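Okay, here's what each chain looks like letter by letter:
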Amino acid sequence: MTPARSEVLRVRVTPAVARALLALVATGLALVLSGVREARSEQLIAAMSADEIRIQSNFTGTTIVVFGEIARDAVTVSRPEPYDLAVVVSGPEQVVRTRRKGRFLGIWVNREAETFAEVPSFLAVHTTRASHELAARSILERYRIGLRNLNLPIVAASEAPMSDRNNFREAFLRLRVQAGLYAERPGSIDFLSGSLFRTAVQLPANIPVGEYTVSTYLLRGGALLASAEQKLTIAKTGFEQFTHSLAYAYSAVYGIIAIALALFTGWLAGVIFRKD
């Protein structure tokens, strides 16, 4: 008896049939995706009351208002946690050398010193609540949210011992806060509605000139959702700008003029008050 044989049915697919099948699959995917709207995160819109501050001889400080909106729509991701905001105003970076005084033969002299690089000349941090409650420390340090989270790189040639560096850092922050150049104000951002916010940032009379960065960060549940950034220019004007530019660009000429004015003033005072 001859055993039964199984036959394999082979179907030959021509290039025309393959193209038709691919076109059909692509059309089906397009129809499916066209009916799906992807959920998206919030958008942050921020602005300032002024983007340029002019410093004159009677300048005693001023205030800028940072305001904005948290934009949402019907497809924005729903989140149970409340929103958090942080506004960081940072001035031009500089290299700062901090010295510690000590007694030597009964006289107070400069002793050890620590040099910090990439230091913002001005830093104001406004938040909805304490900075350590907003996010992980890595996020706070990356965006300079909070004075305690400010990274102060140390130059390689450091005079202070490793065990004493934290004391120099604390002293530097304390002096900057006392001078009004550093400030951290938790709870200073007001929500005017569920999505509108504002905060007022104080700029002191001794604020350095230069290009500033005003950064606004939207956080929720410890995650950074969105950010916005604006530029703020602080510059001297009039005679103050002339003397400032002369002192920094042509320091030798500025010094000669200052000495000449001092000599002329002394001579003129002697002529006026000379007794016959």
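Scroll up to find the structure.
Residues numbered from 1 in each chain as written. Predicted model: local features only at pLDDT ≥ 70, side-chain atom pairs only at ≥ 80, totals over all residues. Heavy atoms only, no water.

J.: Could you clarify how one ought to interpret the pairing of strand β11 (residues 210-220) in this entry?
T.: The buried fraction of β11 amounts to nine of the 11 residues, a majority that puts the element mostly inside the structure. Bridging between strand β4 (residues 84-90) and β11 involves seven bridges; their strand directions are antiparallel. Bridged to V89 within β11 is V214. Sheet analysis places β11 next to strand β12 (residues 223-236), joined by 11 bridges and oriented antiparallel. Residue pairing in the sheet places E211 in a bridge with T233 of β12. The turn linking β11 back onto β12 is made up of two residues, and G221 within it adopts a positive phi angle of 60 degrees. (Buried < 20%, exposed > 50% of the residue type's maximum accessible area, 1.4 Å probe, protein only. Helix = DSSP H or I, 4+ residues; strand = E, 2+ residues; numbered from the N terminus. Pairing = 2+ DSSP bridges.)

J.: Whenever I open this one, the packing of aromatic side chains confuses me. Can you help?
T.: Note on aromatic pairs: each is described by the distance of the centres and the angle between the planes. Per the stated rule, a full pass over the model turns up five aromatic pairs. Here the aromatic rings of F172 and Y182 are separated by 5.9 Å at their centres, their planes lie at 85 degrees, and the arrangement is edge-to-face. Here the residue F172 occupies a position in helix α3 (residues 165-178), and Y182 occupies one in strand β8 (residues 182-186), the gap between them amounting to 10 residues. Taking the relative accessible area as the measure of exposure, F172 reaches 3% and is therefore buried. (Phe/Tyr/Trp six-rings, centres within 6.5 Å; stacked < 30°, edge-to-face > 60°.)

J.: Any chance you could explain the sheet that holds β12 here in plain terms?
T.: As a general point, the strands of a sheet are linked pairwise by backbone hydrogen bonds and lie either parallel or antiparallel. Ordered by their spatial adjacency, six strands build an open sheet running β2-β12-β11-β4-β7-β8, and the pairing between neighbours is mixed. Edge positions in the open sheet fall to β2 (52-55) and β8, since each of these has one partner strand only. Shown here is a sheet whose adjacent strand axes are inclined to one another by a mean of 15 degrees, direction ignored. Pairing of β4 with strand β7 (residues 123-127) involves five bridges; the strand directions are antiparallel. (Axes fitted to C-alpha atoms, helices over the stretch in contact; angles between N-to-C directions.)

J.: Any chance you could explain the nonpolar core here in plain terms?
T.: Burial of nonpolar side chains together is a common tendency in soluble globular proteins. Counting 49 residues, the largest nonpolar core has Y182, L203 and L232 as the members making the most contacts within it. Among residues more than four places away in sequence, those in contact with L203 are I53, G61, T62, I64, F122, L232 and I234. (Core = buried A, V, L, I, M, F, W, Y, C linked by side-chain atoms within 4.5 Å. Contact = heavy atoms within 4.5 Å.)

J.: Teacher, can you tell me more about the pattern of salt bridges here?
T.: Two side chains bearing opposite charge may form a pair once their charged atoms approach each other closely. By the definition in use, this model includes seven salt bridges. Note that E141 is salt-bridged to R137, the shortest N-O span being 2.9 Å. With E141 and R137 both in helix α2 (residues 137-142) and four residues apart, the pair spans about one turn of that helix. The salt bridge partner of E170 is R148, with a shortest N-O separation of 2.5 Å. Pair noted here: E170 is in helix α3 and R148 is in the loop between α2 and α3, with a separation of 22 residues, a long-range link. Judged by relative accessible area, which is 27%, E170 ranks as partly exposed. A cluster of three or more residues bridged by salt bridges with shared partners is formed by D84, R129 and E133. (Salt bridge = Lys/Arg side-chain N within 4 Å of Asp/Glu carboxyl O.)

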